[in-house]
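Geometric and topological summary
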Amino acid sequence: GESVGLHLPTLSVQEGDNSIINCAYSNSASDYFIWYKQESGKGPQFIIDIRSNMDKRQGQRVTVLLNKTVKHLSLQIAATQPGDSAVYFCAEGATGGGNKLTFGTGTQLKVEL
Amino acid sequence: EPEVTQTPSHQVTQMGQEVILRCVPISNHLYFYWYRQILGQKVEFLVSFYNNEISEKSEIFDDQFSVERPDGSNFTLKIRSTKLEDSAMYFCASSQETQYFGPGTRLLVL
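Nothing here was measured: the structure is a model prediction, and the numbers come from that model. (Residues numbered from 1 in each chain as written. Chains lettered and ligands numbered in written order. Predicted model: local features only at pLDDT ≥ 70, side-chain atom pairs only at ≥ 80, totals over all residues. Heavy atoms only, no water.)

1. Observations concerning the side chain of A:Glu92
All names here are of chain A. Short version of the rule: Secondary structure elements are defined from DSSP: runs of H or I of at least 4 residues count as helices, runs of E of at least 2 residues count as strands, and each element is numbered from the N terminus. With a 1.4 Å probe rolled over the protein chains alone, any residue whose accessible area is under 20% of its type maximum counts as buried; one over 50% counts as exposed, and the rest are partly exposed. Here the positive residues are Lys and Arg and the negative ones are Asp and Glu; neither His nor the chain ends is included. A pairing counts as a salt bridge when a side-chain nitrogen of Lys or Arg comes within 4 Å of a carboxyl oxygen of Asp or Glu. Whenever two N or O atoms come within 3.5 Å, that pair is a polar contact, provided that in protein one can donate a hydrogen and the other can accept it, and provided that, for residues adjacent in sequence, both atoms are side-chain atoms. Here, two residues are considered to be in contact whenever any of their heavy atoms come within 4.5 Å of each other.
Secondary-structure assignment places glutamate 92 in strand 8 (residues 86-93). For the buried glutamate 92, no salt bridge is present, and the opposite-charge side chain at shortest range is lysine 71, 7.8 Å distant. Only 3.1 Å separates the side chain of glutamate 92 from the backbone nitrogen of asparagine 27, close enough to count as a polar contact. Residues contacting glutamate 92, with those up to four places away along its chain left out, are Tyr25, Ser26, Asn27, Ser30, Tyr32, Phe33, Lys100, Leu101 and Thr102.

2. Here we look at the layout of surface pockets
Where we set the bar: Both site types are read off a 1 Å grid over the protein atoms alone. A 1.4 Å probe that fits but cannot get out defines a cavity, while an open set with protein on both sides within 12 Å along at least five of seven lines defines a pocket; lining residues have an atom within 4 Å of a point. Grid points are joined across faces, edges and corners, and a volume is the space filled by probe spheres set on the points. Three residue categories are used. Nonpolar comprises Ala, Val, Leu, Ile, Met, Phe, Trp, Tyr, Cys and Pro, charged comprises Asp, Glu, Lys and Arg, and polar comprises the others, including Gly.
Empty space within the largest pocket amounts to approximately 460 Å³. Lining of the largest pocket is provided by 16 residues; of these, A:Pro44, A:Gln45, B:Glu3, B:Tyr100 and B:Phe101 occupy positions nearest its centre. If you list the elements that add at least two residues to the lining of the largest pocket, you get strand 4 (45-51) of chain A together with strand 10 (99-101) of chain B. For the lining of the largest pocket, the per-class residue count stands at eight nonpolar, three polar and five charged. Space inside the second largest pocket adds up to approximately 240 Å³.

3. Observations concerning the sheet that holds strand 2 (residues 19-24) of chain A
Residue and element names in this part refer to chain A. Inclusion rule: Note: two strands are recorded as paired if DSSP finds a minimum of 2 bridges between them. Note on definitions: angles span 0 to 180 degrees between N-to-C directions of axes, and those axes are lines fitted to C-alpha atoms, for helices only across the stretch in contact.
Across the sheet, four strands lie side by side as 2-7-6-5; this open sheet has antiparallel pairing. For this open sheet the edge positions go to strand 2 and strand 5 (56-58), each flanked by a neighbour on one side alone. Shown here is a sheet whose adjacent strand axes are inclined to one another by a mean of 15°, direction ignored. Pairing of strand 6 (residues 62-67) with strand 7 (residues 72-77) involves six bridges; the strand directions are antiparallel. Paired with valine 62 across the bridge in strand 7 is isoleucine 77.

Read these as geometric descriptors, not functional statements.
What follows is the structure, given as structure tokens:
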């Protein structure tokens, strides 16, 4: 995968358990946040996004929580499956098209059978 | 489902050579981006492009880099004189608002 040279934080979970991946963002001015999943050798794949006027947003098996007070973002994956194994990145930016995203370091999620 | 495509998937070049990385964004998207990811590191923004102009560029995007939308479908990144440190995965993305990424081009500069 893309982890050579950098020791990513790793989260190991049992199949079927819930996963929680955390992210601290840096820019208080950011008002748009995204979670991406990156499998080995592939590009970042959009999972879910949230705007700063929300605290929580749910998708299919995933929930994103935003705490603007402490600049913290989390991704919850329900009933984790082997196919969820990947590196997960949070990214911050501004609403509206054309704005750059600033990515976090990433967390390696490993799902054990 | 529409997706961003990139070619080539892999490119090996000699230091000092020019390379052109190609992308076909999602057809109804208006904003285009290039990012790079050095092996084992996080994804870094290079440049954004809208209405045939660069909207924003990072410090990485120096005079060796250029972008172009030569026709209605392609979006290219050119590196004029590659350096060893340009070795990375290069990702194209496009958006209305949410950015969708292509599979990347792995560039290796020898």
